[in-house]
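Observations on the three-dimensional arrangement
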Amino acid sequence: MNPALTQFGEQMSHLTGVRAIMKDIIETLRAGEGREFINLSAGNPVILPEVEQLWRDCTAELLASPEYGEVVCRYGSSQGYQPLIEAVKQDFNRRYGLNLSDRNILITPGSQSLYFYAANAFAGRTTDGELKRMVMPLSPDYTGYGGISLVPEALLAYKPTLEIDEARHRFKYRPDFNQLAIDENTGCVIFSRPCNPTGNVLTDEELKKIADLGAPYDVPTIVDSAYAPPFPALNFTEMTPAFGGNIIHGLSLSKAGLPGERIGIAIADERAIQILESFQTNLCIHSPRYGQAIAARAIASGSLSEIAETVIRPHYQEKFVILESTLDASMPKDLPWFLHRGEGAIFAWLWLKDLPMSDWEFYQKLKEVGVIVVPGSTFFPGLREEWAHKHQCIRISLTASADELRTGMQRLAKMTESVYARAAVS
Ligand SMILES: Cc1ncc(COP(=O)(O)O)c(C=O)c1O
């Protein structure tokens, strides 16, 4: 069957960004039977034994409780399972001195769906036909934002400024406030903090400045906190989560060990929550309740935030240190390579300035030596202008083992040396 597709059908029946690359990676792994690849492309979190045990214990408790039937044999409210809403409210009010009520919280099936609702409720065409933009203040950012708007032209990303430490081969992106425009044509603003793919953490001041730009126009500022404290707490630098005003704070339990259960949480102003909740009712009625019920237990007991700080964060932070020290020891000192400062998330982001080939070709070269990374150009959704930098970066996942990371970075260093040397000769 080959049905005619609508505009939305066209848009949604294609994979965008990293999901399209994943197809090539899966085919490479399949075709390379018998060949050992070091796969540094994964975004799937590591199954950490302590984290798995936490979810097993919460499940055993749920199974043994009279609540079980109520959880899985009944429909519930669109807003979410009440004990989970209550646990989030209590935890965040206590932890951050907030005054949240139930009406400020919405549970969604994964945070990706939350961003889909928000992108289409706030940005796109208004009833008058006017185009409202979804602004990404600092590109590169999460590739998944590239596919969430039903009106792709609504997406508008801004080039950052670069803070470069030449001697130490490090760099950091900063929002370019001289360019960034958030005004009556903006429908919403979105960014991840900590950022996938770069590990960047916008400072508290930068976040406030961005949210303040949108406040006079009532523009929702969506802060995607998939890696933020209190869970999964994948910040390696100090940061304070922000709430209130025009901020929609988006949480995800995926990197806290529950990606299969699909749990996202929005914390925002009551009116914004009502809009997103209606979107959800129309789409899927409500999120599955089993995952919500075990999450309620893990949050209410304090176990989730504790395990995030004592197990999840140290695991990935150690991996970043291994990657960083291996690169420092093995990358050629005289070449312009720059590692983004590792401030959080589960990835490292490497910029190879003046790379004499595209990031896609470099990705293919690394495959030849058994290393798979993700070419960086997929992480610039909404950035329309040409920029050589877009084709000079790669994302390296910290989900591999320490040995794999060491060997992978040594092979990467050799390949870097070889491609720059070949370009110098020819
Ligand atoms: C920055 C960011 N936001 C959102 C998501 C989607 O997460 P979820 O599993 O909650 O839908 C991801 C997934 O990797 C992510 O990296």
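- You'll find the protein chain entered in an unreviewed UniProt entry as Valine--pyruvate transaminase, with Oxynema aestuarii AP17 given as the organism.
- You can read under Cofactor (unreviewed entry) in the UniProt record for the protein chain the words "pyridoxal 5'-phosphate".

Let's talk about the domain arrangement of the protein chain
- Partitioning the protein chain into structural domains gives domain 1 (7-49 + 307-425) and domain 2 (67-301).
- One C-alpha centre belongs to domain 1, the other to domain 2; they are set 25 Å apart.
- Taken together, the elements giving at least two residues each to the side of domain 1 that touches domain 2 come down to helix H1 (7-12), helix H2 (17-31), helix H10 (303-330), strand S12 (337-340) and strand S13 (347-352).
- Among the elements that take part in the side of domain 1 that touches domain 2, H10 stands out by supplying seven residues, more than any other.
- When grouped by side-chain class, the residues that make up the side of domain 1 that touches domain 2 number 23 nonpolar, eleven polar and six charged.

Some remarks on the environment of Leu-150
- For Leu-150, the position within the fold is in the loop between strand S4 (131-136) and strand S5 (155-157).
- Measuring from C-alpha to C-alpha, the distance between Leu-150 and Leu-15 comes to 13 Å, with 135 residues separating the pair along the chain.
- In contact with Leu-150, other than residues within four places in its own chain, are Phe-8, Gln-11, Asn-120 and Gly-124.

Quick notes on the site of the ligand
- The environment of the ligand is made up of 14 residues, and the closest members are Gly-110, Ser-111, Gln-112, Ser-252 and Ser-254.
- Residues belonging to the shell around the ligand are distributed by class as follows: three nonpolar, ten polar and one charged.

Focus: helix H5 (residues 82-96)
- With 15 residues, H5 extends 21 Å from end C-alpha to end C-alpha; this agrees with the ideal 21 Å at 1.5 Å per step.
- Those residues of H5 that fall on the buried side of the exposure criterion are Leu-84, Ile-85, Ala-87, Val-88 and Phe-92. Seen along its axis, H5 keeps its buried residues to an arc of 160°; they face one direction.
- Lining the buried residues of H5 we find strand S2 (105-108), strand S11 (264-267) and helix H9 (289-300).

Thoughts on the environment of Leu-63
- Positionally, Leu-63 belongs in helix H3 (residues 49-64).
- In the structure, Leu-63 is positioned 231 residues away from Ile-294 in sequence and 10.0 Å away in space, judged by C-alpha atoms.

Let's talk about the sheet that holds S13
- Reading across from one edge, S6-S7-S12-S13-S16-S15 is the order of the six strands in this open sheet, with mixed pairing throughout. Lying at the two open borders of the sheet, with one neighbouring strand each, are strand S6 (161-165) and strand S15 (374-375).
- With two bridges joining them, S15 and strand S16 (residues 393-397) adopt antiparallel strand pairing. Within S16, the position partnered with Val-374 by the bridge is Arg-395.
- Of the strands in this sheet, S15 and S16 are in contact with helix H11 (residues 359-368), which crosses S16 at around 45°.

Reading guide: rules and limits
Residues numbered from 1 in each chain as written. Predicted model: local features only at pLDDT ≥ 70, side-chain atom pairs only at ≥ 80, totals over all residues. UniProt positions renumbered as here; feature names shortened; annotations may be inferred. Domains from an automatic or database assignment. Helix = DSSP H or I, 4+ residues; strand = E, 2+ residues; numbered from the N terminus. Nonpolar A, V, L, I, M, F, W, Y, C, P; charged D, E, K, R; others polar. Contact = placed C-beta atoms within 7 Å. Near = placed C-beta within 6 Å. Expected span 1.5 Å × (residues − 1). Buried ≥ 20, exposed ≤ 12 C-beta atoms within 10 Å, placed from the backbone. Arc of directions from axis to C-beta. Pairing = 2+ DSSP bridges. Axes fitted to C-alpha atoms, helices over the stretch in contact; angles between N-to-C directions.

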